[in-house]
Amino acid sequence: MSIKQKILNGLDIAGLPAFKPIVLLLSGENPPEQINSILKFIVVPIIAFGVFLVMWWAVASNIETKYGNVPTPKEVAKEAGSLIDAHNESRQKAKDFYIKQGEKAKSYEEKAAGFTQQALAAATPEEKTKLEKRAAKMEKMATKTKNRKYAETPTYFDQIVTSLKTVFAGFLIASAIAIPLGIFCGLSNVFMAAMNPLIQVFKPVSPLAWLPIVMIIVGALYTTDPREAWFEKSFISSAITVALCSLWPTLVNTALGVASVDKDHINVARVLKLGTFTRIFKIMLPSSLPYMFAGLRISLSVGWMVLIAAEMLAQNPGLGKFVWDMFQNGSSQTLAQIMVAVFTIGSIGFLLDRIMIILQKLVSFDSVVSA
Amino acid sequence: MSEFIDLVNLVKIYKTPKGDAVIVDGFNLKMNQGEFVSIIGHSGCGKTTVLSMTAGLLEKSGGNVVVDKKEVAGPGPDRAVVFQAPNLLPWMSTLNNVMLGVNQVYPHASKKERHQICEYFLNIVGLGDSMHKMPNELSGGMQQRVGIARALALKPKMLLLDEPFGKLDSLTRMDLQDILIKILDKNQMTTMMVTHDVDEAIYLSDRIVMMTNGPAAKVGEILEIPFEKPRTRSEILEDPRYYELRGRLLSFLEEQDHKKKEFKPKAKIEKPADEPDDNSEIKKSA
């Protein structure tokens, strides 16, 4: 297959068919038609975004709040820049700190070595032990210096990373619960009937209602010493809340997928007299994968949405906490910073959704993927 | 030869709110070992219903299916089915689709032996070099050949073909008929085929069972096809008896058609899902 075809297939899988005309145009295939579709599906969306920015601009400067005017797009962009600067600055500071620390530790080590040398050449045993003690002290100082960590306040990007970690932890918990339950629901009407009331009642519950319960229970059960714990309590609470809110779409979709296996495929299984195990793993699961992944995709986007709320309340050091802190600060940059967060949250959500679309396309067997 | 397959008084009744809808009412057929019997009739007359009951995929309302002196209930690999659609599992390679059945029938064979069995049957349908392709990379005709290989690899006592070539274009259909007749000449498999293609039925069958129109369909007439086996298409087409047989089949079907117009069933009959719903024409072109 040609490179061109590969790129086109890749764009299809990535869910970006709008960019196909560019590739086709570059390969010189029917230029007028390609330009036409570029105008329609690339230029028009760009113009629409431009119109949105202009409208924002017009409206923003007319609204006066207690923190000053609502920031214009330009101010928000500037704020994003300053968040990046702050991040770089903080990283630089940390770097400087560790360089200095290294130097300091080295000087201690040199001193220790010096004392050890002197101790070897010492005249009296008393003096020797004294020098050895000094050397040991210097060595201790050196390791102590080395182990000291830079007390860094998390930058905006650290907060993004925490949020991503939290949402993936929650998503994994949700998948680990929802997929097996969904399979059982799909396989057995009775199991589905048993689960149905629970699903229907818990599905619409807001994360804000789950969070306090989760926090209290996690607080009671997770009593590991915070210094030794692998995860922070706030992280666990947020992740579990995300899981509780996002497991439902996967559960329902998996159940649907397993229950709606093609009747013809079931007939094949019946004629072949496949055992339960083979029937589930060779026929039902593969055929329900596309449904399952559609569910996972919805789950992840729900999880990301829920996460921000959960982090705000749980004070998990992520984007939600960032928004909350900015709100509490009430400086003149508050609104602009929160808006940067809004765009960040939106873009990451979009990116996560794209990734799930790609996965979904890769598991659906009748798509173009086989090539 | 003794009767290898005995279908005794098969009945299928669907309960509807307006009363019972009798689809098949007392279908009797005895088949010898190695015999090829086609069931022909108008769409919706219950041909596929009979086949599904024989396969065990559809529950009988009455009657018995006796295979090799044993009454059978429910589906099983001893009665392999080739469906109208290939029904391959799209997430498995051609080889694995065949292997799925082979694993069931030869549980004690080594992996290598099972692989050889699959390879053998894929070779005889002419797909030896497409073993590792996925079903969606194959044409419709090739997929159906995999379906045939999958059925044959089960070493069934009986082969059930449910309009196996119905969805293919006429050239591919002829191709597959030739492949099938060659395989059956070699393997002598007891075969029941449902079709509404008159020429296909004559070319492949030893006997053709003509079914009356539903409701309450049963065996109308049975036509013996006297041509010697192995057959070739051209030999048969040159034989003067061919047109006589064809004429008898068509006149039976036309007769049924007239009866159908006179008889309007009161309750709308609920057809089983696997019965094609269109009242497609009997193929009259040669």
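So, how was this worked out
- Residues numbered from 1 in each chain as written.
- Chains lettered and ligands numbered in written order.
- Predicted model: local features only at pLDDT ≥ 70, side-chain atom pairs only at ≥ 80, totals over all residues.
- Heavy atoms only, no water.
- Pairing = 2+ DSSP bridges.
- Helix = DSSP H or I, 4+ residues; strand = E, 2+ residues; numbered from the N terminus.
- Axes fitted to C-alpha atoms, helices over the stretch in contact; angles between N-to-C directions.
- Contact = heavy atoms within 4.5 Å.
- Domains from an automatic or database assignment.
- Buried area = accessible area lost by both parts, 1.4 Å probe.
- Salt bridge = Lys/Arg side-chain N within 4 Å of Asp/Glu carboxyl O.
- Nonpolar A, V, L, I, M, F, W, Y, C, P; charged D, E, K, R; others polar.
- Polar contact = N/O pair within 3.5 Å; in protein donor to acceptor, adjacent residues only side chain to side chain.
- Phe/Tyr/Trp six-rings, centres within 6.5 Å; stacked < 30°, edge-to-face > 60°.
- Buried < 20%, exposed > 50% of the residue type's maximum accessible area, 1.4 Å probe, protein only.
- Lys NZ or Arg CZ within 6 Å of the ring centre and 35° of its normal.

### So, the sheet that holds strand 6 (residues 79-82) of chain B
Residue and element names in this part refer to chain B.
Alright, step 1. Taken in spatial order, the six strands line up as 6-7-8-3-9-10 in an open sheet, and their pairing is mixed. Of all strands in the sheet, those bounded by a partner on one side alone are strand 6 and strand 10 (219-224). Taken over all neighbouring pairs, the strand axes of this sheet differ in orientation by 20 degrees on average, direction set aside.
Alright, step 2. Running over the sheet, helix 1 (residues 47-55) touches strand 3 (36-40), strand 6, strand 7 (158-162), strand 8 (190-195) and strand 9 (207-211) and is turned about 150 degrees from strand 7.

### Focus on the domain arrangement of chain B
Residue and element names in this part refer to chain B.
Alright, step 1. You can read the domains of chain B as domain 1 (3-78 + 158-262) and domain 2 (88-155).
Alright, step 2. Between the C-alpha centres of domain 1 and domain 2 there is a distance of 26 Å.
Alright, step 3. Of the roughly 1,000 Å² buried between domain 1 and domain 2, counting both surfaces, carbon and sulfur atoms make up 78%.
Alright, step 4. Area buried by domain 1 at its contact with domain 2 is led by Pro77, Leu176 and Ile183, which between them contribute 38% of it.
Alright, step 5. Here domain 1 and domain 2 share zero salt bridges between them.
Alright, step 6. Broken down by element, the residue count for the side of domain 1 that touches domain 2 peaks at five residues, all from helix 5 (residues 170-187).
Alright, step 7. Grouping the amino acids of the side of domain 1 that touches domain 2 by side-chain chemistry returns ten nonpolar, one polar and no charged.

### With respect to the interface of chain B and chain A
The extent of an interface is frequently quoted as the accessible surface area lost upon association of the parts.
Alright, step 1. Each partner contributes residues to the interface: chain B has 23 residues there, and chain A has 20 residues.
Alright, step 2. Approximately 1,900 Å² of surface area, both sides summed, lies buried where chain B meets chain A, with 67% of it carried by carbon and sulfur atoms.
Alright, step 3. The largest per-residue losses of area from chain B upon contact with chain A belong to Trp91, Leu100 and Gln104 of chain B, which jointly make up 30% of the total buried on that side.
Alright, step 4. Linking chain B with chain A are zero salt bridges, by the criterion used here.
Alright, step 5. Put simply, chain B and chain A have five residue pairs in polar contact (both at pLDDT 80 or more) between them.
Alright, step 6. Looking at the side of chain B that touches chain A, the elements with two or more residues in it are strand 6 and helix 2 (94-105) of chain B.
Alright, step 7. Each residue belonging to the side of chain B that touches chain A can be placed in one class, and the counts come to 14 nonpolar, six polar and three charged.

### Quick notes on the packing of aromatic side chains
Alright, step 1. Counted under the stated rule, the structure contains 15 aromatic pairs over all chains.
Alright, step 2. Measuring from centroid to centroid gives 5.7 Å for Phe184 of chain A and Phe191 of chain A, while their planes differ by 55 degrees, and the two rings are tilted.
Alright, step 3. Accessibility expressed as a relative area gives 28% for Phe191 of chain A, which makes it partly exposed.
Alright, step 4. Here the guanidinium or amino end of Lys12 of chain B rests over the ring plane of Tyr14 of chain B, the centre of that ring lying 5.0 Å away.

### What to know about the pattern of salt bridges
Alright, step 1. Tallied over the full model, the rule gives 18 salt bridges over all chains.
Alright, step 2. One salt bridge connects Asp12 of chain A with Lys20 of chain A, and the closest N-O pair in it is separated by 3.1 Å.
Alright, step 3. On the accessibility criterion, Asp12 of chain A (24% relative accessible area) is partly exposed.
Alright, step 4. Of the residues examined, Lys20 of chain A reaches a relative accessible area of 23% and is grouped as partly exposed.
Alright, step 5. When salt bridges with common partners are traced through the structure, they connect Asp206, Lys229 and Arg231 of chain B into a single cluster.

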